[in-house]
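# Architecture at a glance
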Amino acid sequence: MKNIALLGSTGSIGTQTLDVVRASQDKFNIEVLAAGSSIGAIRKQITEFSPSTVIMSDVRAAKMLDEEFPTITVLSGPDALKESVVACDIVVNAIVGFAGLPVTIAALSEGKTLALANKESLIAGGPVVQKARKSMKSSIIPVDSEHSALYQCLHGYRSDYDRPSQSIKRLIVTASGGPFRGFTTDKLNNVTLEEALEHPTWDMGPKITVDSSTLMNKGLEVIEAHELFGIEYEKIDVVVHPQSIVHSMVEFVDSSIIAQLSMPDMRLPITYALNYPERSEAEWGSINWDEITKLEFEQPDFKNFSCLKLAYQAGEEGETAPAWLNAANEVAVAAFLNGQIKWADIPHLIAQALDNYDSRKAEEEHDIYEADKQARLITNQLIAGI
Ligand SMILES: NC(=O)c1ccc[n+]([C@@H]2O[C@H](COP(=O)([O-])OP(=O)(O)OC[C@H]3O[C@@H](n4cnc5c(N)ncnc54)[C@H](OP(=O)(O)O)[C@@H]3O)[C@@H](O)[C@H]2O)c1
């Protein structure tokens, strides 16, 4: 029986992780649940899964749950999140945004298996996360479907993939293209929040859905792939594949390509991550070939979706530039979700924020938090000026 800390349990990845656990109750025990403020949802999860610890970032929600469930330890705050990983075998980081960074660092520092959905922590904290990753015998099993695909393709090739291999020509990260694929600049100027939240193939939380519409999600995934697999940026390509059946591919130096395919269902990469290195029987994502008539591929539109280019630039710059990019994006997306700015403002704000990047080195955890803070401050000032 593996003990799981599921952090971000009330979100899209969190609830799908619970679907996977529910289907394999003999294998997994939910030891810790954590969320922000969704008290109604977590109350039901506590009743069903009986965790020993619950953490809410919202102090009032934590207090209410503490009174309601006296036999459970209810805590609040980033330190509680960090401490929660100690008693678990697998940490599923399904928190959205930069708030997931303490969990990623703590899980790796404690030598735990980290099933990582929270891409923002790896992107923003790159150099510091890599230090924690090397210091203990911990492992990251990616949950993001593209990186799970790359991980599986690399494992299909050789088991010591962790060392940057001369045999890899390039990683090919697929992108659905989002709801605005093929839109002109004029059309993009008038898109609405409702349209941005209508993803053509995946049902996800609001932040990542907006990121998918700007292609920033793909840009973040390029940085994530670089950090996870140690492959240089010039060897990581993005290809638009509107059906979201091919989740990513690895091309080897002999030009042979290995791909991973399934229907778009996050419960498959979650199942893979929770069972790794075994494979477990599951039907999530199973392809019915009668329904698949074509698989299409096209080049991404870097001009109209400049977030993708900005992400490559910040990734190549390294140090705290990805943290800066991530923070600017989180602030801009939150402002778009709140109705403060237009969709088309998002890439401009991020570009302007990056123009103010202060080139801080990423030596300690503190540097990442400082970069994040500065970038948020500047992006908020830019928004106030709109
Ligand atoms: N959804 C997908 O299909 C998908 C695919 C690949 C990767 N990812 C990545 O997975 C992560 C989660 O995405 P999502 O779509 O599941 O997001 P989501 O639906 O918005 O859920 C976010 C979760 O994080 C919790 N949370 C927010 N702030 C927190 C904090 N400070 N402390 C503890 N918990 C906090 C939320 O709690 P409340 O409900 O209380 O606010 C919720 O449980 C993101 O990094 C995303 O990029 C998602």
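So, a few notes on the structure that sits alongside this text. Just so it is clear, the structure is predicted and the values come from calculations on it, not from any experiment. Along each chain, residue indices are assigned from 1 in the same order as the chain's sequence is written. Two thresholds apply to this predicted model, a pLDDT of at least 70 for residue-level local features and 80 or more for giving and counting side-chain atom pairs, whereas whole-chain, interface and lining totals are computed over all residues. To get the side-chain values, all heavy atoms of the structure are used, and hydrogens and water are removed first.

Quick look at the sheet that holds strand S10 (residues 246-252) now. Here, strands pair whenever DSSP counts at least two bridges between them. Comment: elements are numbered from the N terminus, with helices defined as DSSP H or I runs of at least four residues and strands as E runs of at least two. Taking strand neighbours across the sheet as the criterion, the 4 strands line up as S9-S8-S10-S11 in an open arrangement whose pairing is mixed. Edge positions in the sheet fall to strand S9 (236-240) and strand S11 (257-261), since each of these pairs with one other strand and no more. Averaged over all pairs of adjacent strands, the angle between their axes in this sheet comes to 20°, without regard to strand direction. Judged from the 5 bridges that link them, strand S8 (residues 168-175) and S10 form a sheet pairing that is antiparallel. Looking at S10, one finds that Val173 is bridged to Ser248. Here helix H11 (residues 216-229) sits on the sheet and contacts S8 and S9; the angle it forms with S8, its principal contact strand, is near 145°. Lines fitted to C-alpha atoms define the axes here, with helix axes fitted over just the stretch in contact, and angles between the N-to-C directions of these axes take values from 0 to 180 degrees. Whether two residues touch is decided by their heavy atoms; if any such pair falls within 4.5 Å, the residues are in contact.

The strand order across the open sheet built from 7 strands is S4-S3-S2-S1-S5-S6-S7, with neighbouring strands paired in parallel fashion. Each of the sheet's edge strands pairs with one partner strand only, and the pair in question is strand S4 (73-75) and strand S7 (139-142). Between one strand and the next, the sheet's axes are offset by a mean angle of 20°, whatever the strand orientation. Bridge analysis of strand S1 (residues 2-7) against strand S2 (residues 28-35) gives 6 bridges, and the strand direction is parallel. Residue Ile4 lies in a different strand from S2, and its bridge partner there is Ile30.

Taken together, 25 residues surround the ligand, and among them Thr10, Ser37, Ser38, Glu120 and Asp144 come closest. Whenever a nitrogen or oxygen atom comes within 3.5 Å of another N or O atom, the pair is scored as a polar contact, on the condition that within protein one atom can donate a hydrogen and the other can accept it, and that pairs from neighbouring residues in sequence are kept only if both atoms are in side chains. At 3.0 Å, a backbone N or O of Gly11 approaches an oxygen atom of the ligand. To measure how exposed things are, a 1.4 Å probe is used in the Shrake-Rupley method; for residues, cover is taken only from the protein chains shown. Bound to the protein, the ligand loses 86% of the 910 Å² it would expose on its own. For the shell around the ligand, the elements supplying multiple residues, two or more each, are helix H1 (12-23), helix H6 (119-135) and helix H10 (206-214). Throughout, the ten residues Ala, Val, Leu, Ile, Met, Phe, Trp, Tyr, Cys and Pro are labelled nonpolar, Asp, Glu, Lys and Arg are labelled charged, and all others, Gly among them, are labelled polar. Broken down by class, the residue content of the shell around the ligand amounts to 11 nonpolar, 11 polar and 3 charged. To be near a molecule or strand, a residue needs just one of its heavy atoms within 4 Å of it.

Let's shift gears to helix H5 (residues 101-109). Exposure classes here rest on a 1.4 Å probe applied to the protein chains alone. A residue is buried below 20% of its type maximum, exposed above 50%, and partly exposed in between. Along H5, 8 of the 9 residues are buried, which leaves the element largely enclosed by surrounding structure. Within H5 the residues assigned to the buried category are Leu101, Pro102, Val103, Thr104, Ile105, Ala106, Ala107 and Leu108.

The pairing of S10 with S11 spans 5 bridges and is classified as antiparallel. Of the residues in S11, the one forming a bridge with Ser248 is Gln260. The antiparallel pairing of S10 with S11 creates a hairpin that spans 4 residues between the two strands, and Ser255 there sits at a positive phi of about 75°.

Okay, the packing of H1 against helix H12 (residues 267-275) next. Relative to each other, H1 and H12 sit at 60°, their axes nearing to 9 Å. Viewed along their axes, H1 and H12 form a crossing whose handedness is right-handed. Contacts between H1 and H12 involve Ile13, Gln16, Thr17, Asp19, Val20 and Val21 on the former and, on the latter, Arg267, Ile270, Thr271 and Leu274. A class-by-class count of the residues in the contact of H1 with H12 yields 5 nonpolar, 3 polar and 2 charged. Each crossing gets its handedness from the near helix: less than a right angle anticlockwise from the far helix is left-handed, clockwise is right-handed.

This part is about the nonpolar core. Joining through side-chain atoms within 4.5 Å is the link that ties buried Ala, Val, Leu, Ile, Met, Phe, Trp, Tyr and Cys residues into a set, and such a set is a nonpolar core. One finds Leu325 and Trp343 to be the most contacted residues of the largest nonpolar core, which totals 124 residues. Of the residues forming this core, the biggest block, 11 residues, is contributed by helix H14 (residues 321-337). Beyond its immediate chain neighbours, meaning those up to four positions away, Leu325 contacts Met216, Leu220, Ile223, Leu310, Ala311, Ala314, Ile350 and Leu354.

Checked against the element boundaries, Asp367 lands in helix H16 (residues 365-384). Sequence separation of Asp367 and Val128 is 239 residues, and the distance between their C-alpha atoms is 9.2 Å. Once residues within four sequence positions are removed from consideration, Asp367 is found in contact with Thr320, Arg360, Lys361 and Ala362. Reaching out from Asp367, the side chain makes a polar contact with the backbone nitrogen of Glu364 at a distance of 2.7 Å.

Salt bridge, as used here: a side-chain nitrogen of Lys or Arg that lies within 4 Å of a carboxyl oxygen of Asp or Glu. Under the definition given, this model contains 20 salt bridges. Its salt-bridge partner being Lys63, residue Glu67 comes within 3.7 Å of it at the nearest N-O pair. One end of the pair, Glu67, and the other, Lys63, are both in helix H3 (residues 59-68), 4 residues apart, so they sit about a helical turn from each other. Between Asp265 and Arg267 there is a salt bridge, with its nearest N and O atoms 2.9 Å apart. For Asp265, a relative accessible area of 14% puts it in the buried group. A single network of salt bridges, built from pairs that share partners, joins Asp19, Arg22, Glu48, Asp265 and Arg267.

Right, let's talk about unusual backbone geometry for a bit. Residue Pro277 follows Tyr276 across a cis peptide bond; omega there is 10°. The residue Pro277 is located in the loop between H12 and helix H13 (306-317) in this model. Its identity as a non-glycine residue notwithstanding, Ser50 has a phi of 45°, on the positive side. Along the chain, Ser50 falls in the loop between helix H2 (39-49) and strand S3 (53-56). Taking relative accessible area as the criterion, Ser50 reaches 53% and is therefore assigned exposed. Positive phi, close to 50°, is recorded for Ser244, a residue that is not glycine. Taking relative accessible area as the criterion, Ser244 reaches 5% and is therefore assigned buried.

A residue counts toward a patch only above 30% relative accessible area and without a salt bridge, and it is joined to like-charged neighbours within 9 Å or, for Val, Leu, Ile, Met, Phe, Trp and Tyr, to nonpolar neighbours within 5 Å. Taken together, the side chains of Leu261, Trp289, Leu295 and Phe297 make up a nonpolar region of the molecular surface, amounting to roughly 380 Å² of accessible area. Along the polypeptide, Phe297 turns up in the loop between H12 and H13.

Treat this as a map of the structure, not an account of what it does.
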